[in-house]
Amino acid sequence: MVDVPKALVDFIKNGTSFVVAGHEEPDGDCVGSQLALCSLLERMGKKAVPCSAGPFKRNELKPFEKYFLPFPANREGLKVFIMDCSIRDRVGDLPIDGLPTAVVDHHALGNPSGEVIFLDPLAPSVTFMTEKIFRALGFEPNANEAELLLFGLCTDTGFFRHLDEPCAETFFTAARLAAAGASPKKIYNIINGGKSLNSRLLMGSYLNRTKSYFDGKLLVSFETPEESKRYGFESRDSDVLYQLLLSVEGVEAIALIRQENSTECSIGFRSRGRIDVAAIAGQFGGGGHKNAAGAKAQGSIPELEEKIVAAFAKSF
């Protein structure tokens, strides 16, 4: 894994005012790394503003939305961190252009640009990388920061079930965060508790229409705009749905399609073992990790389902 670049340490030490940005539709890793880094910067006597283009669709992120602030009007001396993404477009409409920028990401996607790049595709999460930044600066997370960092680490590793060898360093990090006061039980309940009945009904719709391809190696399902309206965006519980479908005997990969509007769909990809869904997602203008990726693509559900099946054809 990659060590924290000295240039990143200098970027922080030589700055006084920061915006800590993340990608659109943030997840727990993005939010956790942003808020923990802001807390660290403030402990160092610097100004730090967490900014996000949102929206905060996930139930477990609703309590954190209130901490995100408008982009500062005064840009003088301002530096920017981009957390959990390397592509400028994924930051949304945040006006970061022209400001000194540092990128902290673990996605092997695109060509990141900025004065400082801390990129580690082998890292399990950006919160894992952020904990390294703490130590590189001579700090240990306090209890609140540790909880934010473990929240993000558990989000991106699926509570460690996605880890493969070598993974000892991840557990050493988790142990340090637990020693600092983070509660795995509390974080598990934040991520997995408080689900609505609608979330289970929507999951049933996905399961009932799941199609099998390539002798059961690929499963594909979808969500219509009518279902989004009926059940609400907050009812999406994709992580549990991915778990259920990946547990089917013989399955190697999954694609879930959501019709977001009349012309565009979002697609979630998951796999286990050898199938590189980041490469598949790349064919639709997206990306991610080998076993977890996503994309947004123009087209209808039937059109994209046909293209997705064709994209997987060479994998089986």
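This text gives an overview of the structure that appears in the document.

Reading the values: the criteria
Residues numbered from 1 in each chain as written. Predicted model: local features only at pLDDT ≥ 70, side-chain atom pairs only at ≥ 80, totals over all residues. Heavy atoms only, no water. Buried < 20%, exposed > 50% of the residue type's maximum accessible area, 1.4 Å probe, protein only. Helix = DSSP H or I, 4+ residues; strand = E, 2+ residues; numbered from the N terminus. Pairing = 2+ DSSP bridges. Core = buried A, V, L, I, M, F, W, Y, C linked by side-chain atoms within 4.5 Å. Contact = heavy atoms within 4.5 Å. Expected span 1.5 Å × (residues − 1). Arc of directions from axis to C-beta. Axes fitted to C-alpha atoms, helices over the stretch in contact; angles between N-to-C directions. Parallel < 35°, antiparallel > 145°, perpendicular 65-115°, else oblique. Left-handed = near helix turned anticlockwise from the far one by under 90°. Nonpolar A, V, L, I, M, F, W, Y, C, P; charged D, E, K, R; others polar. Phe/Tyr/Trp six-rings, centres within 6.5 Å; stacked < 30°, edge-to-face > 60°. Lys NZ or Arg CZ within 6 Å of the ring centre and 35° of its normal. Salt bridge = Lys/Arg side-chain N within 4 Å of Asp/Glu carboxyl O.

So, on to the pairing of strand S3 (residues 78-83). A large share of S3 lies buried, amounting to six of its six residues. Where strand S1 (residues 17-22) meets S3, six bridges bridge the pair, whose relative direction is parallel. Of the residues in S3, the one forming a bridge with Ala21 is Ile82. Of the strand pairs in this sheet, S3 and strand S4 (residues 101-105) are connected by four bridges, and their pairing is parallel. The residue bridging Phe81 from the neighbouring strand is Ala102, located in S4.

Core analysis: the biggest nonpolar cluster contains 44 residues, and Leu8, Leu37, Phe81, Val104, Ile133 and Leu150 have the highest contact counts within it. What Val104 contacts, discounting residues up to four positions off in sequence, is Phe81, Ile82, Met83, Asp84, Cys85, Phe118, Val126, Met129 and Ile133. Counting 24 residues, the second-largest nonpolar core is a separate cluster that includes Leu218, Ala255, Ala293 and Val309.

So, on to the side chain of Thr170. Its location among the elements puts Thr170 in helix H5 (residues 168-179). The exposure class assigned to Thr170 is buried, which follows from its relative accessible area of 1%. Residue contacts for Thr170: discarding those within four places in its chain leaves Pro124, Phe128, Leu153, Phe160 and Leu163.

Before going further, it helps to spend a moment on helix H7 (residues 197-208). Given a rise of 1.5 Å per residue, twelve residues ought to cover 16 Å, and the 17 Å separating the end C-alpha atoms of H7 matches this to within 8%. Those residues of H7 lying buried are Ser199, Leu202, Met203, Ser205 and Tyr206. Projected down its long axis, H7 carries its buried residues within an arc of 155 degrees, all on one side. Facing away from the buried side of H7, by more than 90 degrees, are the exposed residues Leu197 and Asn208. Looking at the buried positions of H7, the neighbouring elements they touch are strand S7 (218-223), helix H8 (225-231), helix H9 (238-246) and strand S8 (253-259).

Let us now look at the packing of helix H2 (residues 28-43) against helix H4 (residues 143-157). Contact pair H2 / H4: the axes reach a minimum separation of 8 Å and the direction vectors enclose 155 degrees. In terms of orientation, H2 and H4 fall into the roughly antiparallel class. Along this stretch, H2 crosses H4, giving a crossing that reads as left-handed. On the side of H2, the interface is formed by Gly28, Asp29, Gly32, Leu35, Ala36, Ser39, Leu40 and Arg43, while H4 contributes Glu145, Leu148, Leu149, Phe151, Gly152, Thr155 and Asp156. Of the residues belonging to the contact of H2 with H4, the class tally is six nonpolar, five polar and four charged.

Our next topic: the packing of aromatic side chains. To describe a pair of aromatic rings, you give the distance between the ring centres and the angle between the ring planes. Taken as a whole and judged by the stated rule, the model has twelve aromatic pairs. Here the aromatic rings of Phe312 and Phe316 are separated by 6.1 Å at their centres, their planes lie at 20 degrees, and the arrangement is stacked. By relative accessible area, Phe312 is classed as buried at 0%. Across the ring face of Phe11, the terminal group of Lys79 is positioned such that the distance to the ring centre comes to 4.4 Å. The lysine or arginine in question, Arg209, covers the ring of Phe222, its NZ or CZ lying 4.4 Å from the ring centre.

Inspection of the entire model under this criterion finds eleven salt bridges. Linking Glu25 and Lys296 is a salt bridge whose minimum nitrogen-to-oxygen distance equals 3.4 Å. Placement of Glu25 in the loop between S1 and H2 and of Lys296 in strand S11 (residues 292-298) is noted, with a sequence separation of 271 residues between them. A relative accessible area of 32% places Glu25 in the partly exposed class. The salt bridge partner of Arg135 is Glu131, with a shortest N-O separation of 3.1 Å. Note that Arg135 and Glu131 are positioned in helix H3 (residues 126-136) at a spacing of four residues, about one turn of the helix. Connected through salt bridges with shared partners, the residues Glu131, Arg135 and Arg176 form a single ionic network.

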